[in-house]
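# Tertiary structure, described
Take a look at the letters that make up each chain.
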Amino acid sequence: MRGVTRRFGRFAALDDVSFDVRPGEIVALLGPNGAGKTTASRIIAGILAPTSGEALVDGVSVREQPTRVRARCGFVTDTPSLYERMPLRDYLAFFGRLYDVRSPVARAAELAEQLGLTAVVRQKLGTFSRGMRQKVAIARALVHDPPVLLLDEPASALDPEMAQTLRSFIVSLRARERSILLTTHDLDEAQRISDRVVVLYKGRVLRTGATSEIRATGRPTFVVSFTGDTSRARDALRGTGVTPEPASGENGYSALRFATDDPAATNAAVLRALIGAGVDVVTLTAEERSLEDAYLQIVRGATT
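What comes next concerns the included structure. Treat the numbers as computed from the prediction; the structure is a model and nothing was measured.

### Focus: the overall build of the protein
Broken down by element type, the protein carries 11 helices and 15 strands. Whereas a compact globule of 304 residues would reach a radius of gyration of roughly 19 Å, the protein reaches 25 Å, over 25% beyond that. A principal-axis box enclosing the C-alpha atoms of the protein has dimensions of 75 × 50 × 30 Å. In the protein, which comprises 304 residues, the share counted as buried stands at 45%. Put simply, 69% of the contacts in the protein that link residues at least 6 apart link residues at least 24 apart. Total accessible area computed for the protein in this model is approximately 15,100 Å², and 47% of it derives from carbon and sulfur atoms. Here the protein contributes 40 positively and 35 negatively charged side chains, and the mean placements of these two sets differ by 7 Å.

Structural data, given as C-alpha coordinates:
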(Lines give C-alpha, C1' and ligand atoms only; values in the text may rest on other atoms or scores of the structure.)
Protein backbone atom coordinates (compact mmCIF):
# COMPACT_ATOMS: atom_id res chain seq x y z
CA MET A 1 0.00 0.00 0.00
CA ARG A 2 1.40 3.37 -1.02
CA GLY A 3 -0.24 6.55 0.24
CA VAL A 4 -3.69 4.96 0.34
CA THR A 5 -6.60 7.13 1.42
CA ARG A 6 -10.18 5.91 1.53
CA ARG A 7 -13.01 8.31 2.26
CA PHE A 8 -16.67 7.66 2.94
CA GLY A 9 -18.14 11.08 2.43
CA ARG A 10 -16.13 13.41 4.66
CA PHE A 11 -14.89 10.60 6.88
CA ALA A 12 -11.39 9.26 6.11
CA ALA A 13 -11.28 5.58 7.10
CA LEU A 14 -7.67 5.50 5.84
CA ASP A 15 -5.45 8.55 5.54
CA ASP A 16 -2.21 8.28 3.53
CA VAL A 17 -1.47 4.70 4.64
CA SER A 18 1.68 2.93 3.44
CA PHE A 19 3.04 -0.51 4.37
CA ASP A 20 4.04 -3.74 2.70
CA VAL A 21 3.95 -7.49 3.32
CA ARG A 22 6.80 -9.47 1.81
CA PRO A 23 6.74 -13.03 0.51
CA GLY A 24 7.17 -15.56 3.32
CA GLU A 25 6.19 -13.02 5.98
CA ILE A 26 3.36 -12.62 8.50
CA VAL A 27 2.50 -9.02 9.27
CA ALA A 28 0.06 -8.21 12.10
CA LEU A 29 -2.22 -5.23 11.45
CA LEU A 30 -3.14 -3.84 14.87
CA GLY A 31 -5.35 -1.04 16.07
CA PRO A 32 -8.49 -0.26 18.10
CA ASN A 33 -11.97 -0.57 16.63
CA GLY A 34 -12.45 2.01 13.90
CA ALA A 35 -8.73 2.27 13.13
CA GLY A 36 -9.26 1.23 9.49
CA LYS A 37 -7.96 -2.35 9.61
CA THR A 38 -10.89 -3.99 7.82
CA THR A 39 -11.02 -1.18 5.25
CA ALA A 40 -7.34 -1.79 4.47
CA SER A 41 -7.94 -5.54 4.07
CA ARG A 42 -10.91 -4.96 1.78
CA ILE A 43 -8.86 -2.62 -0.42
CA ILE A 44 -6.02 -5.14 -0.66
CA ALA A 45 -8.55 -7.86 -1.55
CA GLY A 46 -9.91 -5.79 -4.44
CA ILE A 47 -13.32 -5.33 -2.79
CA LEU A 48 -12.95 -1.57 -2.23
CA ALA A 49 -11.13 0.92 -4.42
CA PRO A 50 -8.91 3.51 -2.72
CA THR A 51 -9.98 7.15 -2.99
CA SER A 52 -6.34 7.97 -3.68
CA GLY A 53 -3.04 6.19 -3.55
CA GLU A 54 -2.21 2.72 -4.84
CA ALA A 55 -2.24 -0.86 -3.59
CA LEU A 56 -0.38 -3.62 -5.43
CA VAL A 57 -0.98 -7.34 -4.88
CA ASP A 58 1.65 -9.57 -6.43
CA GLY A 59 2.49 -6.61 -8.67
CA VAL A 60 -1.14 -6.11 -9.80
CA SER A 61 -2.95 -2.81 -9.21
CA VAL A 62 -6.22 -2.93 -7.27
CA ARG A 63 -7.31 0.15 -9.20
CA GLU A 64 -6.60 -1.10 -12.68
CA GLN A 65 -7.19 -4.86 -12.40
CA PRO A 66 -9.32 -5.68 -9.33
CA THR A 67 -10.45 -9.02 -10.77
CA ARG A 68 -6.86 -10.20 -11.18
CA VAL A 69 -6.16 -9.01 -7.63
CA ARG A 70 -9.01 -11.12 -6.25
CA ALA A 71 -7.55 -14.17 -7.96
CA ARG A 72 -4.31 -13.55 -6.06
CA CYS A 73 -5.90 -13.20 -2.61
CA GLY A 74 -7.52 -15.46 -0.07
CA PHE A 75 -9.69 -13.61 2.45
CA VAL A 76 -10.81 -15.09 5.79
CA THR A 77 -13.19 -13.11 8.04
CA ASP A 78 -13.99 -13.70 11.70
CA THR A 79 -17.56 -14.81 10.90
CA PRO A 80 -17.38 -16.70 7.60
CA SER A 81 -20.57 -17.27 5.63
CA LEU A 82 -20.75 -20.88 4.46
CA TYR A 83 -23.22 -22.76 2.29
CA GLU A 84 -24.52 -24.79 5.18
CA ARG A 85 -26.50 -27.34 3.15
CA MET A 86 -23.44 -28.39 1.16
CA PRO A 87 -21.04 -31.16 2.24
CA LEU A 88 -17.48 -29.97 2.77
CA ARG A 89 -16.03 -31.75 -0.29
CA ASP A 90 -18.70 -30.32 -2.63
CA TYR A 91 -18.27 -26.85 -1.12
CA LEU A 92 -14.52 -26.70 -1.66
CA ALA A 93 -14.76 -28.27 -5.09
CA PHE A 94 -17.40 -25.69 -6.06
CA PHE A 95 -15.07 -22.82 -5.19
CA GLY A 96 -12.23 -24.63 -6.91
CA ARG A 97 -14.23 -24.59 -10.14
CA LEU A 98 -14.98 -20.86 -9.69
CA TYR A 99 -11.24 -20.24 -9.56
CA ASP A 100 -10.54 -22.57 -12.50
CA VAL A 101 -8.56 -25.01 -10.34
CA ARG A 102 -7.43 -27.87 -12.56
CA SER A 103 -8.63 -30.74 -10.31
CA PRO A 104 -11.11 -29.19 -7.87
CA VAL A 105 -12.19 -32.45 -6.19
CA ALA A 106 -8.58 -33.51 -5.61
CA ARG A 107 -7.76 -30.03 -4.31
CA ALA A 108 -10.71 -30.22 -1.90
CA ALA A 109 -9.44 -33.56 -0.58
CA GLU A 110 -5.89 -32.16 -0.20
CA LEU A 111 -7.04 -29.15 1.83
CA ALA A 112 -9.33 -31.26 4.01
CA GLU A 113 -6.36 -33.48 4.86
CA GLN A 114 -4.09 -30.51 5.64
CA LEU A 115 -6.66 -29.08 8.05
CA GLY A 116 -7.62 -32.36 9.69
CA LEU A 117 -11.10 -32.46 8.14
CA THR A 118 -10.85 -35.66 6.08
CA ALA A 119 -13.26 -37.52 8.37
CA VAL A 120 -16.04 -34.98 7.72
CA VAL A 121 -15.71 -34.31 3.98
CA ARG A 122 -19.19 -35.77 3.37
CA GLN A 123 -20.76 -33.91 6.28
CA LYS A 124 -22.88 -30.79 5.72
CA LEU A 125 -21.32 -27.54 6.84
CA GLY A 126 -24.33 -26.59 8.94
CA THR A 127 -23.34 -29.28 11.43
CA PHE A 128 -19.78 -27.98 11.92
CA SER A 129 -18.50 -26.39 15.13
CA ARG A 130 -17.13 -22.84 15.21
CA GLY A 131 -13.54 -24.08 15.01
CA MET A 132 -14.33 -26.39 12.11
CA ARG A 133 -16.08 -23.57 10.27
CA GLN A 134 -12.97 -21.40 10.62
CA LYS A 135 -10.91 -24.23 9.15
CA VAL A 136 -13.33 -24.46 6.23
CA ALA A 137 -13.04 -20.70 5.65
CA ILE A 138 -9.26 -21.01 5.51
CA ALA A 139 -9.50 -23.96 3.14
CA ARG A 140 -11.82 -21.95 0.87
CA ALA A 141 -9.36 -19.03 0.91
CA LEU A 142 -6.52 -21.38 -0.08
CA VAL A 143 -8.37 -23.40 -2.71
CA HIS A 144 -6.69 -21.51 -5.60
CA ASP A 145 -3.28 -21.39 -3.83
CA PRO A 146 -3.09 -17.56 -3.70
CA PRO A 147 0.20 -15.75 -2.99
CA VAL A 148 -1.54 -13.40 -0.52
CA LEU A 149 -3.66 -14.45 2.46
CA LEU A 150 -5.74 -11.91 4.43
CA LEU A 151 -6.86 -13.08 7.87
CA ASP A 152 -9.36 -10.91 9.77
CA GLU A 153 -9.58 -12.18 13.39
CA PRO A 154 -9.30 -15.84 12.32
CA ALA A 155 -9.06 -17.22 15.87
CA SER A 156 -11.72 -15.09 17.57
CA ALA A 157 -14.10 -16.98 19.90
CA LEU A 158 -12.13 -20.23 19.50
CA ASP A 159 -11.10 -22.35 22.46
CA PRO A 160 -7.35 -22.25 23.29
CA GLU A 161 -6.61 -25.65 21.74
CA MET A 162 -8.33 -24.84 18.45
CA ALA A 163 -6.72 -21.38 18.36
CA GLN A 164 -3.29 -22.99 18.80
CA THR A 165 -4.03 -25.43 15.96
CA LEU A 166 -4.98 -22.56 13.65
CA ARG A 167 -1.90 -20.55 14.64
CA SER A 168 0.36 -23.49 13.82
CA PHE A 169 -1.30 -23.93 10.44
CA ILE A 170 -0.98 -20.22 9.63
CA VAL A 171 2.73 -20.32 10.45
CA SER A 172 3.15 -23.36 8.20
CA LEU A 173 1.74 -21.39 5.26
CA ARG A 174 4.58 -18.88 5.51
CA ALA A 175 7.04 -21.56 4.36
CA ARG A 176 5.58 -21.45 0.84
CA GLU A 177 6.58 -17.80 0.39
CA ARG A 178 3.00 -16.66 0.92
CA SER A 179 2.42 -13.09 2.15
CA ILE A 180 0.07 -13.13 5.14
CA LEU A 181 -1.67 -10.08 6.64
CA LEU A 182 -3.17 -10.87 10.05
CA THR A 183 -5.72 -8.44 11.48
CA THR A 184 -6.26 -9.17 15.15
CA HIS A 185 -7.08 -7.78 18.59
CA ASP A 186 -5.33 -10.76 20.17
CA LEU A 187 -1.90 -9.27 20.86
CA ASP A 188 -0.60 -12.53 22.31
CA GLU A 189 -1.46 -14.21 19.01
CA ALA A 190 0.29 -11.43 17.07
CA GLN A 191 3.37 -11.69 19.27
CA ARG A 192 3.56 -15.45 18.78
CA ILE A 193 3.40 -15.61 14.99
CA SER A 194 4.02 -12.21 13.35
CA ASP A 195 7.33 -11.14 11.84
CA ARG A 196 6.40 -7.46 11.65
CA VAL A 197 3.70 -5.18 13.03
CA VAL A 198 1.73 -2.24 11.61
CA VAL A 199 -0.19 -0.13 14.14
CA LEU A 200 -3.15 1.85 12.78
CA TYR A 201 -4.99 4.56 14.68
CA LYS A 202 -7.84 6.64 13.26
CA GLY A 203 -6.86 5.70 9.74
CA ARG A 204 -3.18 6.55 10.02
CA VAL A 205 -0.08 4.43 10.53
CA LEU A 206 1.45 5.12 13.95
CA ARG A 207 4.27 2.60 13.86
CA THR A 208 5.70 -0.17 11.68
CA GLY A 209 8.59 -2.49 12.45
CA ALA A 210 9.73 -5.96 13.38
CA THR A 211 7.77 -7.41 16.27
CA SER A 212 10.93 -7.57 18.37
CA GLU A 213 11.73 -3.90 17.60
CA ILE A 214 8.24 -2.75 18.56
CA ARG A 215 8.49 -4.62 21.85
CA ALA A 216 11.88 -3.04 22.55
CA THR A 217 10.62 0.54 22.29
CA GLY A 218 10.49 2.60 25.47
CA ARG A 219 12.78 2.67 28.51
CA PRO A 220 14.53 -0.61 29.34
CA THR A 221 13.17 -2.20 32.52
CA PHE A 222 15.05 -4.51 34.89
CA VAL A 223 14.08 -6.75 37.81
CA VAL A 224 16.43 -7.42 40.71
CA SER A 225 15.66 -10.37 43.00
CA PHE A 226 17.28 -10.60 46.42
CA THR A 227 17.15 -11.87 49.97
CA GLY A 228 17.08 -9.50 52.87
CA ASP A 229 15.10 -6.49 53.98
CA THR A 230 12.89 -5.05 51.20
CA SER A 231 12.76 -1.53 52.61
CA ARG A 232 16.55 -1.45 52.79
CA ALA A 233 16.78 -2.62 49.16
CA ARG A 234 14.23 0.01 48.11
CA ASP A 235 16.19 2.78 49.83
CA ALA A 236 19.41 1.57 48.19
CA LEU A 237 17.81 1.73 44.73
CA ARG A 238 16.43 5.21 45.35
CA GLY A 239 19.93 6.29 46.29
CA THR A 240 21.10 5.47 42.75
CA GLY A 241 18.43 7.72 41.21
CA VAL A 242 15.95 5.05 40.05
CA THR A 243 12.34 4.58 41.15
CA PRO A 244 11.80 1.03 42.46
CA GLU A 245 8.44 -0.71 42.05
CA PRO A 246 7.24 -4.05 43.45
CA ALA A 247 7.81 -7.06 41.20
CA SER A 248 6.99 -10.75 41.36
CA GLY A 249 9.90 -12.76 42.72
CA GLU A 250 10.50 -16.43 42.00
CA ASN A 251 11.39 -19.24 44.40
CA GLY A 252 10.40 -17.15 47.39
CA TYR A 253 12.82 -14.29 46.69
CA SER A 254 11.85 -10.63 47.01
CA ALA A 255 12.03 -8.51 43.85
CA LEU A 256 11.93 -4.90 42.70
CA ARG A 257 11.58 -3.41 39.23
CA PHE A 258 13.18 -0.23 37.89
CA ALA A 259 13.57 1.55 34.53
CA THR A 260 16.66 3.33 33.24
CA ASP A 261 17.88 5.10 30.13
CA ASP A 262 21.49 4.03 30.79
CA PRO A 263 21.57 0.35 31.87
CA ALA A 264 25.37 0.06 31.73
CA ALA A 265 25.88 2.76 34.35
CA THR A 266 22.69 2.32 36.37
CA ASN A 267 22.85 -1.46 36.81
CA ALA A 268 26.43 -1.31 38.09
CA ALA A 269 25.42 1.41 40.55
CA VAL A 270 22.39 -0.61 41.66
CA LEU A 271 24.50 -3.69 42.39
CA ARG A 272 27.06 -1.67 44.37
CA ALA A 273 24.32 0.04 46.37
CA LEU A 274 22.53 -3.18 47.23
CA ILE A 275 25.70 -4.98 48.26
CA GLY A 276 26.75 -1.97 50.31
CA ALA A 277 23.38 -2.04 52.07
CA GLY A 278 23.85 -5.68 53.00
CA VAL A 279 21.28 -6.98 50.52
CA ASP A 280 22.15 -10.33 48.93
CA VAL A 281 21.43 -10.03 45.19
CA VAL A 282 20.30 -13.25 43.49
CA THR A 283 19.65 -12.03 39.93
CA LEU A 284 19.47 -8.81 37.93
CA THR A 285 17.70 -9.37 34.61
CA ALA A 286 16.17 -7.37 31.80
CA GLU A 287 12.38 -7.58 31.82
CA GLU A 288 11.02 -8.71 28.47
CA ARG A 289 8.30 -6.40 27.29
CA SER A 290 5.15 -7.83 25.76
CA LEU A 291 3.72 -6.64 22.45
CA GLU A 292 0.57 -5.68 24.35
CA ASP A 293 2.51 -3.29 26.60
CA ALA A 294 4.28 -1.74 23.62
CA TYR A 295 1.06 -1.43 21.63
CA LEU A 296 -0.80 0.27 24.49
CA GLN A 297 2.03 2.76 24.93
CA ILE A 298 2.00 3.58 21.20
CA VAL A 299 -1.78 4.13 21.16
CA ARG A 300 -1.76 6.14 24.39
CA GLY A 301 0.94 8.35 22.89
CA ALA A 302 -1.37 9.12 19.98
CA THR A 303 -4.18 10.23 22.31
CA THR A 304 -2.12 12.65 24.39
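### Digging into the environment of Glu-64
Within the element layout of this structure, Glu-64 appears in the loop between strand 6 (60–61) and helix 2 (66–71). For the pair formed by Glu-64 and Gly-53, sequence separation is 11 residues and the distance between their alpha carbons is 12 Å.

### Topic: the sheet that holds strand 8 (residues 148–152)
Each strand in a sheet pairs with another by means of backbone hydrogen bonds, the pair being arranged parallel or else antiparallel. The 6 strands lie next to each other as 7-8-9-3-10-11, forming an open sheet whose pairing is mixed. Each having just a single partner strand, strand 7 (73–76) and strand 11 (204–210) make up the two edges of the open sheet. Strand-to-strand twist across the sheet, computed as the mean angle between neighbouring axes with direction ignored, equals 15 degrees. Here strand 3 (residues 25–30) runs beside strand 10 (residues 196–201); their pairing, made up of 4 bridges, is parallel. Within strand 10, the position partnered with Ala-28 by the bridge is Val-197. Contacts between helix 1 (residues 37–44) and the sheet are confined to strand 3, strand 7, strand 8, strand 9 (179–183) and strand 10, with strand 9 contributing the most and set at about 155 degrees to the helix. Along the sheet, helix 5 (residues 130–142) contacts strand 7 and strand 8; its crossing angle with strand 7, the most-contacted strand, is approximately 165 degrees.

### Focus on helix 9 (residues 230–238)
Within helix 9, the full set of buried residues consists of Ala-233, Ala-236 and Leu-237. Along the long axis of helix 9, the arc covered by the buried residues comes to 100 degrees, so they all point the same way. Along its buried surface, helix 9 packs onto strand 12 (221–227), strand 14 (254–259) and helix 10 (263–276).

Conventions we followed
Residues numbered from 1 in each chain as written. Predicted model: local features only at pLDDT ≥ 70, side-chain atom pairs only at ≥ 80, totals over all residues. Heavy atoms only, no water. Helix = DSSP H or I, 4+ residues; strand = E, 2+ residues; numbered from the N terminus. Rg over C-alpha atoms; globule rule 2.2 N^0.38 Å. Buried < 20%, exposed > 50% of the residue type's maximum accessible area, 1.4 Å probe, protein only. Contact = heavy atoms within 4.5 Å. Areas by Shrake-Rupley, 256 points an atom, 1.4 Å probe, with all protein chains shown as cover. Lys, Arg positive; Asp, Glu negative; His and termini not counted. Charge placed at Lys NZ, Arg CZ, Asp CG, Glu CD. Pairing = 2+ DSSP bridges. Axes fitted to C-alpha atoms, helices over the stretch in contact; angles between N-to-C directions. Arc of directions from axis to C-beta.

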